[in-house]
Amino acid sequence: MENKQKVLNLLGLARRAGKITTGSELVLNEVRNNKAHLVFVANDSGKDIQKRMADKCTSFHVVLDKESFTQTELSIAIGQKRTVLAVCDIGFAKKMRSLLD
């Protein structure tokens, strides 16, 4: 549980640093352009958006986390109501992945 909170704190920091992209269409564009290093999808989001993100992330070899956080947790972490977000900085992405593993 402590590592989840650390990841949420890092998401807020990455947001303030301008290293987060939010919204499904913008995230898909970042994945297609190989700018996204890690994608979070809220575990309580719709099945269609989860499948769409999973398919795109698999095709472009981007790490996808759709189990760890709810929409509320992600929204509070970045200060906006969102269900999908991409981390577009390799350093932030590596640290978040290591905390979640």
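It should be emphasised that the depicted structure is a prediction, and the values quoted were computed from it without experimental measurement. (Residues numbered from 1 in each chain as written. Predicted model: local features only at pLDDT ≥ 70, side-chain atom pairs only at ≥ 80, totals over all residues. Heavy atoms only, no water.)

**A look at the pattern of salt bridges**
On inspection of all chains with the given rule, the structure shows three salt bridges. The closest approach of N and O atoms between Lys6 and Glu2, which form a salt bridge, is 3.5 Å. In this pair, Lys6 and Glu2 both sit in helix α1 (residues 2-16), four residues apart, roughly one turn of the helix. For Lys51, the salt bridge is made with Asp55, and the minimal N-O distance between the two is 2.7 Å. Of this pair, Lys51 and Asp55 are both found in helix α3 (residues 47-59), four residues apart, which corresponds to roughly one turn of the helix. (Salt bridge = Lys/Arg side-chain N within 4 Å of Asp/Glu carboxyl O. Helix = DSSP H or I, 4+ residues; strand = E, 2+ residues; numbered from the N terminus.)

**Some words on the side chain of Thr21**
On the secondary structure map, Thr21 appears in strand β1 (residues 20-22). One polar contact links Thr21 to Glu30, side chain to side chain, over a distance of 3.1 Å. Not counting chain neighbours up to four residues away, the residues in contact with Thr21 comprise Leu26, Val27, Glu30, Val84, Leu85, Ala86 and Cys88. (Polar contact = N/O pair within 3.5 Å; in protein donor to acceptor, adjacent residues only side chain to side chain. Contact = heavy atoms within 4.5 Å.)

**Some thoughts on helix α4 (residues 71-78)**
Buried residues of α4: Leu74, Ser75, Ala77 and Ile78, and no others. Angularly, the buried residues of α4 cover 160 degrees about the axis, an arc narrow enough to put them on a single face. Those residues of α4 that are buried lie in contact with α1, β1, β2 (38-41) and β4 (84-87). Of the residues trailing α4, Gly79 is marked for its positive phi of about 80 degrees. (Buried < 20%, exposed > 50% of the residue type's maximum accessible area, 1.4 Å probe, protein only. Arc of directions from axis to C-beta.)

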